[in-house]
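Fold and geometry: a report
If you want the building blocks of each chain, they are given just below.
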Amino acid sequence: MVKICCIGAGYVGGPTMAVIAMKCPEIEVVVVDIFEPRILAWNSDHLPIYEPGLEDVVKQCRGKNLFFSKDVEKHVAEADIVFVSVNTPTKTQGLGAGKAADLTYWESAARMIADVSKSDKIVVEKSTVPVKTAEAIEKILTHNSRGINFQILSNPEFLAEGTAIQDLFNPDRVLIGGRESPEGQKAIEALKDVYAHWVPVERILCTNLWSAELSKLAANAFLAQRISSVNAMSALCEATGADVSQVSHAIGKDTRIGPKFLNASVGFGGSCFQKDILNLVYICECNGLPEVANYWKQVVKVNEYQKTRFVNRVVSSMFNTVSGKKIAIFGFAFKKDTGDTRETPAIGVCQGLLGDKAMLSIYDPQVPQEQIQRDLSMHKSELDKPPHLRAVSPIAVEQVSCVWDAYEATKGAHGICILTEWDEFKTLDYQKIYDDMQKPAFVFDGRNVVDVDQLRQIGFIVYSIGKPLDAWLKDMPAVA
Ligand SMILES: NC(=O)C1=CN([C@@H]2O[C@H](COP(=O)(O)OP(=O)(O)OC[C@H]3O[C@@H](n4cnc5c(N)ncnc54)[C@H](O)[C@@H]3O)[C@@H](O)[C@H]2O)C=CC1
Ligand SMILES: O=C(O)[C@H]1O[C@H](OP(=O)(O)OP(=O)(O)OC[C@H]2O[C@@H](n3ccc(=O)[nH]c3=O)[C@H](O)[C@@H]2O)[C@H](O)[C@@H](O)[C@@H]1O
């Protein structure tokens with residue numbers, strides 16, 4: 001029986017391995033992690049991450065050919081294929097701080113693999129890593145190998161949170177990079193055999209190591225660039241009276257452009273887009289390509305601009321101050337159908353409003369109060385660390401309350417900011433909400449989810465990203 005071990009039971013390791021176990025009943029899959037509470041949660045009825053469809057897959061296989069364990073070394077030693085799916089955040093200190101990927105967790109995993117291995121192994125980079133990481137990993141493994149043969153493959157993951165299970169069931173492509181040597185090609189074939197259980201072979205792309213590593217960074221950079229492009233257009237739409245949804249629809253009809261990923265927003269979030277672009281920027285700089293680096297840096301800058309622009313719209317619309325005013329925040333997760341808040345634009349927007357002394361009442365259907373308080377009070381360098389490595393605990397932000405109901409959040413509020421596109425925000429009883437709010441009542445829709453005309457008829461003053469401006473806002477400067 002082929003044995004797979006995956007180091008890192010996070011948003012990628014957990015769902016990816018659960019799907020491999022489900023699709024390959026004859027393979028034993030063990031997911032290991034040094035963070036014990038996460039393993040306990042994977043073995044419980046309350047999985048550590050919210051992802052539609054995940055629970056069903058885990059329940060089908062757990063205890064049969066899918067296991068979650070904190071016994072990292074034992075399962076690595078026994079495995080034929082070791083996936084490494086540990087976190088690779090942006091470095092916060094030292095060389096490349098603020099841009100380069102922090103490979104501390106990766107390196108320690110690689111050293112441990114070398115230490116405990118007693119048989120040949122295929123080591124698979126699942127984490128997103130800088131180009132040429134495989135070379136460094138190879139050096140660590142071979143220098144400590146005691147004659148054991150390690151083959152390194154790059155097999156980046158393209159799933160998106162909120163749709164992880166459907167992305168894994170039906171991927172656009174699976175990418176496997178390996179050495180061009182016969183041993184490298186044999187390793188590629190072995191991993192290809194795993195995916196071929198359910199992925200059509202023409203969708204399994206095999207490349208050299210560096211193409212696979214770079215393709216992952218390039219894919220995320222292209223996706224994020226589309227969002228920054230449409231967000232840049234949204235500012236121009238507001239200035240000219242064009243409607244960004246109509247512009248997106250019109251350009252998306254061009255088959256060369258395509259309709260997906262053209263929704264203007266308060267900014268992109270998530271653990272990867274910013275980190276991976278900064279990583280790409282750093283690699284370009286290190287390779288003497290400052291023009292290329294600056295090109296990609298601009299994608300992140302526009303994203304920051306979009307969040308600041310949104311906060312400025314809120315404050316300038318509300319008589320240039322939100323001090324002491326209750327503002328309801330609808331949604332805190334970085335996108336719908338996930339409880340993940342890493343790099344969510346909500347953090348920047350809430351901090352901007354708190355900086356102007358607003359009182360925030362936050363409602364998100366999936367994000368618990370402790371997580372919101374932690375995100376708003378902790379420094380980013382602490383947040384990037386796994387929970388067990390954090391040096392400080394969060395101190396509650398007094399101006400913030402978290403509620404479990406959108407109606408509760410809006411009682412007595414002056415304004416509403418919609419920061420995540422949860423479906424339920426489309427169908428709320430906005431008349432009831434309006435009746436319970438201070439007047440004038442404002443809605444700032446950072447995700448274009450509400451029916452602007454309907455809300456204006458009720459009496460709301462509405463700002464919706466990239467849409468023709470309310471008469472109220474027309475004379476206000478875009479940047480206060
Ligand atoms: N979150 C996402 O949607 C996607 C993430 N990725 C990439 O996948 C990688 C993992 O991301 P996530 O799963 O989101 O991270 P995560 O932070 O949810 O999970 C990583 C896990 O690795 C564990 N870990 C760290 N060092 C370890 C060690 N030495 N031994 C055992 N466990 C260890 C941590 O405790 C943590 O539970 C990152 O490189 C990310 O860029 C790629 C595609 C999608
Ligand atoms: O490497 C990763 O981590 C993953 O990053 C993204 O996935 P994810 O961040 O989970 O979610 P997306 O659906 O890409 O959304 C990212 C952010 O962009 C925003 N977005 C997305 C699409 C859009 O049109 N407009 C927009 O503002 C979302 O609201 C969200 O904040 C990629 O889509 C995945 O392919 C990739 O594997």
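Everything quoted here is computed from the prediction, not taken from an experiment.

Each value, and the rule that gives it
Residues numbered from 1 in each chain as written. Chains lettered and ligands numbered in written order. Predicted model: local features only at pLDDT ≥ 70, side-chain atom pairs only at ≥ 80, totals over all residues. Heavy atoms only, no water. Helix = DSSP H or I, 4+ residues; strand = E, 2+ residues; numbered from the N terminus. Rg over C-alpha atoms; globule rule 2.2 N^0.38 Å. Buried < 20%, exposed > 50% of the residue type's maximum accessible area, 1.4 Å probe, protein only. Contact = heavy atoms within 4.5 Å. Areas by Shrake-Rupley, 256 points an atom, 1.4 Å probe, with all protein chains shown as cover. Lys, Arg positive; Asp, Glu negative; His and termini not counted. Charge placed at Lys NZ, Arg CZ, Asp CG, Glu CD. Salt bridge = Lys/Arg side-chain N within 4 Å of Asp/Glu carboxyl O. Near = heavy atom within 4 Å. Polar contact = N/O pair within 3.5 Å; in protein donor to acceptor, adjacent residues only side chain to side chain. Nonpolar A, V, L, I, M, F, W, Y, C, P; charged D, E, K, R; others polar. Domains from an automatic or database assignment. UniProt positions renumbered as here; feature names shortened; annotations may be inferred. Core = buried A, V, L, I, M, F, W, Y, C linked by side-chain atoms within 4.5 Å. Buried area = accessible area lost by both parts, 1.4 Å probe. Disulfide = S-S within 2.5 Å.

As for the overall build of the chain
Within the chain, the regular secondary structure consists of 19 helices and 14 strands. For the chain, the C-alpha radius of gyration of 24 Å lies close to 23 Å, the compact-globule estimate for 480 residues. Projecting the C-alpha coordinates of the chain onto the three principal axes gives extents of approximately 75 × 45 × 45 Å. In the chain, which comprises 480 residues, the share counted as buried stands at 54%. The contacts of the chain with a sequence gap of at least 6 include a subset with a gap of at least 24, amounting to 75%. A total of about 20,800 Å² of accessible surface is found on the chain, and carbon and sulfur atoms cover 53% of it. Within the chain, one finds 51 positive and 59 negative side-chain charges whose respective centroids are separated by 2 Å.

Considering the pattern of salt bridges
According to the stated counting rule, one finds 21 salt bridges in the structure shown. Note that Glu-285 is salt-bridged to Lys-297, the shortest N-O span being 3.6 Å. Here Glu-285 is found in helix α11 (residues 273-286), whereas its partner Lys-297 is found in helix α12 (residues 290-317), with 12 residues between them in sequence. Close ionic contact of Arg-342 with Asp-340 constitutes a salt bridge, the shortest N to O distance being 3.0 Å. For Arg-342, a relative accessible area of 36% corresponds to the partly exposed category. Through salt bridges with shared partners, a single ionic network connects Lys-3, Lys-74 and Glu-78.

Here we look at the site of ligand 2
Looking at ligand 2, there are 20 residues lining it, with Phe-158, Leu-159, Ser-265, Cys-272 and Arg-447 nearest. The side chain of Lys-216 places a nitrogen or oxygen atom 2.8 Å from an oxygen atom of ligand 2. A distance of 2.6 Å separates an oxygen atom of ligand 2 from a polar side-chain atom of Arg-447. Contact with the protein chains removes 90% of the 700 Å² of surface that ligand 2 exposes when unbound. Broken down by element, the shell around ligand 2 gets its largest block of residues, four residues, from helix α9 (residues 209-240). Of the residues that constitute the shell around ligand 2, the class distribution is 11 nonpolar, four polar and five charged. Summarising the domain contributions, the shell around ligand 2 has at least three residues from each of domain 1 (3-199) and domain 2 (222-475).

Looking at the environment of Asp-254
Structurally, the position occupied by Asp-254 is in the loop between α10 (244-252) and α11. Residue Asp-254 is classed as partly exposed on the basis of its relative accessible area, which comes to 25%. Separated by 58 residues in sequence, Asp-254 and Asn-312 have C-alpha atoms that sit 34 Å apart.

Structural notes on the site of ligand 1
The immediate surroundings of ligand 1 are formed by 26 residues, with Asp-33, Arg-38, Thr-88, Glu-161 and Lys-275 found nearest. Between ligand 1 and Glu-161, the relevant distance is 2.9 Å, taken from a nitrogen atom to a side-chain nitrogen or oxygen of the residue. When ligand 1 is considered free in solution it has 840 Å² of accessible area, and contact with the protein chains removes 94% of it. Of the residues contributing to the shell around ligand 1, the split by class is nine nonpolar, 10 polar and seven charged. Mapping the shell around ligand 1 onto the domain boundaries places at least three of its residues in each of domain 1 (3-199) and domain 2 (222-475).

Focus: the environment of Arg-111
Tracing the chain through its elements places Arg-111 in helix α5 (residues 104-116). Between the C-alpha atom of Arg-111 and that of Ile-140, which follows or precedes it by 29 residues, the distance is 6.5 Å. Excluding residues within four positions of it along the chain, Arg-111 makes contact with Ile-140 and Asn-144.

Topic: helix α1 (residues 13-23)
Most of α1 is tucked away, with nine of its 11 residues classed as buried. Listed as buried for α1 are Gly-13, Gly-14, Pro-15, Thr-16, Met-17, Ala-18, Val-19, Ile-20 and Ala-21.

Notes on the UniProt feature "active site" (unreviewed entry) in the chain
UniProt feature "active site" (unreviewed entry): in the numbering of this structure it lies at Cys-272. Along the polypeptide, Cys-272 turns up in the loop between α10 and α11. A relative accessible area of 27% means that Cys-272 is categorised as partly exposed.

What about the nonpolar core?
The biggest cluster of nonpolar side chains holds 64 residues, and the ones touching the most others in it are Phe-310, Phe-330, Leu-353, Leu-360, Leu-376, Tyr-430 and Phe-460. When sequence neighbours within four positions are dropped, the list of residues in contact with Phe-460 reads Ile-416, Tyr-430, Ile-433, Tyr-434, Met-437, Ala-441, Phe-442, Val-443, Leu-455 and Asp-470. Listed in part, the 42 residues of the second largest apolar core include Cys-6, Tyr-11, Ile-39 and Ala-187.

Notes on the domain arrangement of the chain
Partitioning the chain into structural domains gives domain 1 (3-199) and domain 2 (222-475). The gap between the C-alpha centroids of domain 1 and domain 2 is 32 Å. Contact with domain 1, which involves 24 residues of that partner, is made by 25 residues of domain 2. Summing both sides of the interface, domain 1 and domain 2 together bury roughly 2,000 Å²; the carbon and sulfur share of this comes to 57%.

Overview of the state of the cysteines
Summed over the entire model, instances satisfying the criterion amount to zero disulfides. This cysteine, Cys-402, is not joined by any disulfide, and Cys-350 carries the nearest cysteine sulfur, 9.1 Å off. In this structure Cys-402 comes out as buried when scored by relative accessible area, which is 15%.

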